[in-house]
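Coordinate inspection notes
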Amino acid sequence: MNRPNAVLHAATTLLAFAALIAGCYRPQLDHLNAEYVIDGRRIRLVDGVSEVEAAPGSAAKIVTRYFGNEMRKDLDGDGREDIAFLITQDTGGTGTFYYVVAALAIEEGYRGSQGLLLGDRIAPQTTESGRQNIVIVNYADRAPGEPLSAQPSIAKSIWLLLDPATMQFGEVTKDFEGEADPARMRLDMKTWNWTRSTYGDGREVVPREAERFTLTFSTDGSFAATTDCNSMRGSYTTTGNMISFGAVAATRMYCADSQENDFAAMLASAHSYRFTSRGELILELQADGSAVLR
């Protein structure tokens, strides 16, 4: 090999080696190296981590990290596989806030969404694919009124749909026919609200403040409830679709015109349960009655 060719060969080899090294250290165009919006602030992950000043000149840092629980599916209908997953954010205090985000696959890599807050110091479980473009996030949280120091024990699920135009998640309303899948529903999947009870004699009881009557099942056989006056705790047992409530304890505040007794009577007379494709929990009651919770 003559000298010019040798020099050219050596230069080509060095350039190729340099390109290889640069490629090894260049941030990859994946969901761990994309930009997301968390509480109005743009956050760019680099290898799954972002660390920025909480305020200009502040020693406190806002640290955002990839957590995981990935679910991959086409979220915007373009034929590409997208990713939904969880991230955490620590703002310098005692809290650790969990968000669900999406990364849409584009020609240049991934386009990050706005984050949707799930809660502070929750216990993430799984992220699942729902019907069509729905994302289902399952996690454990605390019962209403419990301090943040308590261990999360109440199972929850949130159904989400991403709007590709705004890159925001919206919660799916599960109260229309055909949306929910009764075969996949569980007692501990969410906090239920009592909406009405009907009885064999034609009597119907409708809570005046349905949002105050909640029922939350835990996987350890306990339940927590709130009414328009007090809170309740107790146990429940199931065999197949049969159910019974027992060992109920409640706070003892007096409230005029409370419908708490109707709620307690509903629990006491429940003997079986089922789910509907409207996303409802139906408690079958004695004397041909039933109660609907959503």
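This report concerns the structure included in the present document. The structure presented is a predicted model; accordingly, all values stated were derived computationally and were not measured.

The topology assignment puts serine 113 in the loop between strand E7 (109–112) and strand E8 (116–120). By relative accessible area, serine 113 is classed as buried at 1%. Ignoring any residue separated from it by four or fewer positions in sequence, one finds serine 113 in contact with Tyr36, Val37, Val101, Ala102, Leu162, Met167 and Phe169.

Time to look at the pattern of salt bridges. Across all of its chains, the model carries 14 salt bridges by this definition. A salt bridge links glutamate 284 to arginine 274; its shortest N-O distance comes to 2.8 Å. Of this pair, glutamate 284 sits in strand E20 (residues 281–285) while arginine 274 sits in strand E19 (residues 270–275), and the two are 10 residues apart along the sequence. Judged by relative accessible area, arginine 274 falls into the partly exposed class, the value being 42%. Salt-bridge contacts for glutamate 280 lead to arginine 294; the nearest nitrogen and oxygen are separated by 2.9 Å. With a gap of 14 residues between them, glutamate 280 in the loop between E19 and E20 and arginine 294 in the segment after strand E21 (289–293) connect regions that are remote in the sequence. With relative accessibility at 29%, the residue arginine 294 sits in the partly exposed group.

Here we take up the packing of aromatic side chains. Taken as a whole and assessed by the stated rule, the structure comprises 11 aromatic pairs. Between tyrosine 66 and phenylalanine 85, the aromatic rings sit 5.4 Å apart at their centres with planes inclined by 50 degrees, giving tilted as the arrangement. With a gap of 19 residues between them, tyrosine 66 in strand E4 (residues 61–73) and phenylalanine 85 in strand E5 (residues 82–90) connect regions that are remote in the sequence. Seen from their ring centres, tryptophan 194 and phenylalanine 213 are 5.1 Å apart, and the 75 degrees between their planes marks the pair as edge-to-face. Here the residue tryptophan 194 occupies a position in strand E13 (residues 191–198), and phenylalanine 213 occupies one in the loop between strand E14 (204–205) and strand E15 (214–217), the gap between them amounting to 19 residues. For tryptophan 194, a relative accessible area of 0% gives the class buried. A residue is classified by how much of its surface remains accessible, and phenylalanine 213, at 0% relative accessible area, is buried. Grouping aromatic residues by their ring pairs yields a cluster made of Phe217, Phe223, Tyr236 and Phe245. Its guanidinium or amino end placed over the ring of tryptophan 192, lysine 190 lies 5.1 Å from that ring's centre, counting from NZ or CZ.

Reading the values: rules and limits
Residues numbered from 1 in each chain as written. Predicted model: local features only at pLDDT ≥ 70, side-chain atom pairs only at ≥ 80, totals over all residues. Heavy atoms only, no water. Helix = DSSP H or I, 4+ residues; strand = E, 2+ residues; numbered from the N terminus. Buried < 20%, exposed > 50% of the residue type's maximum accessible area, 1.4 Å probe, protein only. Contact = heavy atoms within 4.5 Å. Salt bridge = Lys/Arg side-chain N within 4 Å of Asp/Glu carboxyl O. Phe/Tyr/Trp six-rings, centres within 6.5 Å; stacked < 30°, edge-to-face > 60°. Lys NZ or Arg CZ within 6 Å of the ring centre and 35° of its normal.

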